[in-house]
Every structure is written in structure tokens, then in C-alpha cells.
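Letter by letter, the chains look like this.
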Amino acid sequence: MHKVVITGIGVTVKNHQDPHTLFATLESGQSLIADDHILKGMGIEGVASSRISDEEVSQLQNRYTSLDQTRVAPSGFAGFDALTKSVKDADLNPDQLRQAGLYFGTNKILPTVDLVHQLAQQKAASEKLPYQSPESVDYYNPQTIVADMVEHFEIGGPVTSCADACAAGASSLISGFRQVSRGALDIALCGAADFGTQPVMQLLFKNIGALNQAQLFNCASEVSRPFDSNRAGVVLADGAAFVVLESEASAKQRGASIYAYVCGAHRCTESYKMTSTEPSGKFYAQCMQAALENSCVSAEDIDHISAHGTSTKSNDSAESRAIEQVFGSHTPVTSTKSALGHSLAGSGAIEVVLSALSIKNQVMLPTLNFESLGDDDAKVSVVKSATPKAINYLLSNSFGFGGVNTSIVLARDSAC
């Protein structure tokens, strides 16, 4: 097996298109969550989100003019931006890209509110849905941006996309990790992108009872509160991230900087319920334990945990119980969704980037708004403020609707 390292990172979220600046923002305790002005303009009050603004989308569109705005959705532009930044950060040349693989996580691109309104009007008038032009079909097809990425960077290795819901970003990284670790590739470009603040997505989360209820708190930045007894639901977000995975031998041969090592990972599925896991957390615990075994790392070696931590009652309770089962009650736990919100497919990739920077900077990021655990939560040690710590091993969780569970183990050096 070949040792795998992270040599490039890229992030695109609200007001931030540089991972180091984003890390500093989160380290200082700032939140990216605010009132959702788009929904407020529709007369829907009391919903918080972390939305990439229309102005920011326009900036991306102006930056990447080779991408056709009629064919590529905003999430595609964000993903392309994160990939571009990670490739530049890793200092990859065209020859290396022609040998690299691409692993991209994304979910369905939902229709805009304007299109839904248009369809409803035409349906009422004619009882027939309008013909969809090839351009609009491309726009709502997640594979469109994948093809553009391959063409632009002339990626010559295997290309895979997945739609593992909230675990898609982590699943993509695991796919690339497996290829590099077994020697099939020297370089894998792994990432994800999603726009969770899309109004139709907000409606779907509201209808299943998972969306936040901002009216319970004084301001929007207080709404996302993973593991807190007063948590009241998820805050949706927009975001994208990419990491460049590379064999240690390749990275050292070309003198690349290394952020962290990927020691191992595990991806598994369960069938308890479409929108939640078994309350005891046993399936989450099995996933984390399997990732440790794959990494040849013990639970006692893990210095820090980047939790999935969605701020919903059921997820956080199950994850806290799973963490206690595997690690006990003392391993420090952070959920950056407290400041970033939940960007669905993008979240796992973003959290791996932040985890790599936590190792690089030897700092644990805070979980904002946490005051106390709920009665149904297990005793876990939630990090309330940015804290310097010697982090040699870190475990990152991402769990998705449909029962897709992932855990990834990162390390500071090559001992794993």
C-alpha cells in the first residue's frame, strides 16, 4: 500500500474563496450564517442560511468565461473554482493532470423558483409540460460540470461522480484515496459542491422537519448549534471544496508541500431509515471503528474529531452516542457547521480541508453556540473556543441521508 498525502486544497463558500482565510475566520469565532434574504423576499421569515450571494456567483461566472452560464449551475461554478484553486495550490503541471483522476460529489440540481412558477403556469394553461431545450437539460444535469472539468484540465485518468447526499464529498475523497493507496494513480482530484440554500431544497428540509427554526433565537448566527440542548434543526449552506491527494513518493519527488496524511477511511451503508440513523448510534460507531482499523490507528490515538454535527436532534444524539462508544467522553469534538451551515454534498470535502488545516496549524476550531448537552445526548467533549493542541491524528465524519456513512482518518506525519 502507498502512503497518501494532501498536497493541494481549495474552498468556495460564502465570502471566502481561500481555505486559509476561512480557517482564520472560523478560528476567530465568526459565523457565516445570516438571515436568508431570498426567502425573506418571498415572505418567508425566520430562516437562517449561509448563502453564496448572486454577486459572488456573478464574479465566478466572469472569472470562468469558458463555462457556459446557460449550461452550468451556480454550484458547478463554485466546484470549478475550488478545483482550480486546489490544482494551483498543489502546483500541478499539465502532464501530471493528464495522469490524474477526478472524483466529484454532487447531488441533484433542483429547478429554480422561477422555473417552477413557469412550469406551474404552463401546466395550468395547457396541461402539458413545456419542451425542455438541451441547454436547460444540461443546466440541471450534475454531470455537465464534470465534463467541463475534464476538458479544461485535460484530466486523463478515471473520472467518477457520486451523489451520496451529505456524504458525497467524503465519498469522493475515499474513492480517490483507495486508487492512490493501491498504486493505481499518483494523483487524485477529490471534491464536491452543492447549493443547499436553493429554495426548493429549503422546502424539502422543512417538510421532513429537519430545517432550523430561527425564531427560537435572538439572531441568525445563533441558530446552528450542534450537540447543544437547544438545537432546533439544520442550517443549510452553499459550498464547494477540493483536495489534491497524492502518493507520498510522488509528492516528495516533486518537492510538494504536504498538509496532512490520509491514513485510512471507511464508507458503508445502513438501511434503518431514509432520513436518520438508528438512535443508539451503532451504525455510526461501526463506521468509525472500521476507519480506525483500516488506518491501523487505535481510538486512543485520535486527538480530535471533526463531527458531522448537523444541529438536528436525532443526528447529534446518535453521533454523540457513537463517539462515546468508540472513544469515550474525553476526545475533543468540533462541528464547523455551527459557523458554516450544512452545504450537503459539499460539507464533507470542506470539513476535510479544515481538518487538514487543523493538523497543519495544530489548532482545534470551535463549535459555536454550544452551551450544554441535551438529556438524550452522550457525554462528549465539545470544543467551545479555538484551542491550540498537538493533533497527530484526526477523524472526520460525514453521514448522509439514505444511510451512507463515512469516516476518514488524517495524520500529521507518515507514521500511519
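Everything below is about the structure shown above.
Values in this document were obtained by computation on a predicted structure and should not be read as measured data.

1. What to know about the packing of aromatic side chains
Phase 1 of the analysis: Counting across every chain of the model gives six aromatic pairs.
Phase 2 of the analysis: Plain terms: the ring middles of Tyr64 and Phe80 are 5.1 Å apart, the flat faces sit at 70° to each other, and that makes the pair edge-to-face. One end of the pair, Tyr64, is in the loop between helix H3 (54–63) and helix H4 (74–90); the other, Phe80, is in helix H4, and 16 residues separate them in sequence.
Phase 3 of the analysis: Looking at Tyr64, the relative accessible area reads 10%, which means it is buried.

2. Topic: the pairing of strand S7 (residues 236–247)
Phase 1 of the analysis: Counting buried positions along S7 yields twelve of twelve residues, so the element is predominantly enclosed.
Phase 2 of the analysis: Judged by which residues are buried, S7 turns out to be covered on both faces: Leu236, Asp238, Ala240, Phe242, Val244 and Glu246 on one side and Ala237, Gly239, Ala241, Val243, Leu245 and Ser247 on the other are all buried.
Phase 3 of the analysis: Here nine bridges tie strand S1 (residues 4–13) to S7, and the two strands are oriented antiparallel to one another. Across the sheet, residue Val5 finds its bridge partner in S7, namely Glu246.
Phase 4 of the analysis: Judged from the two bridges that link them, strand S3 (residues 48–50) and S7 form a sheet pairing that is parallel.

3. Points about the side chain of Ser86
Phase 1 of the analysis: Tracing the sequence through the fold places Ser86 in helix H4.
Phase 2 of the analysis: On the basis of relative accessible area, Ser86 is assigned to the buried category, the value being 0%.
Phase 3 of the analysis: In contact with Ser86, other than residues within four places in its own chain, are Gly8, Ile9, Gly10, Phe242 and Val244.

4. Points about the nonpolar core
Phase 1 of the analysis: Judged by nonpolar contacts, the single largest core of 45 residues is most densely connected at Ile6, Val243, Leu245 and Ile408.
Phase 2 of the analysis: Sort the elements by how many residues they give to this core and helix H15 (residues 345–361) lands first, with eight residues.

5. Structural notes on a nonpolar patch on the surface
Phase 1 of the analysis: A contiguous nonpolar patch, built from Met42, Ile44 and Val113 and spanning about 230 Å² of accessible area, is present on the exposed surface.
Phase 2 of the analysis: Within the secondary structure, Met42 is located in the loop between helix H2 (37–41) and S3.

6. What to know about the pattern of salt bridges
Phase 1 of the analysis: Considering all chains together, one arrives at 16 salt bridges under this definition.
Phase 2 of the analysis: Residues Asp377 and Arg231 are paired through a salt bridge, measuring 2.8 Å at the closest nitrogen-oxygen approach. Remark: Arg231 occurs in the loop between helix H10 (199–207) and S7 and Asp377 occurs in the loop between strand S11 (363–364) and strand S12 (381–382); sequence separation between them is 146 residues.
Phase 3 of the analysis: Owing to a relative accessible area of 5%, Arg231 belongs among the buried residues under this scheme.
Phase 4 of the analysis: Each of the salt bridges in this network shares a partner with another, and the network as a whole consists of Arg63, Asp81 and Lys85.

Basis of the calculations
Residues numbered from 1 in each chain as written. Predicted model: local features only at pLDDT ≥ 70, side-chain atom pairs only at ≥ 80, totals over all residues. Heavy atoms only, no water. Phe/Tyr/Trp six-rings, centres within 6.5 Å; stacked < 30°, edge-to-face > 60°. Helix = DSSP H or I, 4+ residues; strand = E, 2+ residues; numbered from the N terminus. Buried < 20%, exposed > 50% of the residue type's maximum accessible area, 1.4 Å probe, protein only. Pairing = 2+ DSSP bridges. Contact = heavy atoms within 4.5 Å. Core = buried A, V, L, I, M, F, W, Y, C linked by side-chain atoms within 4.5 Å. Patch = residues over 30% accessible without salt bridge, like charges linked within 9 Å, V, L, I, M, F, W, Y side chains within 5 Å. Areas by Shrake-Rupley, 256 points an atom, 1.4 Å probe, with all protein chains shown as cover. Salt bridge = Lys/Arg side-chain N within 4 Å of Asp/Glu carboxyl O.

As far as function goes, none of this settles anything; it's purely spatial.
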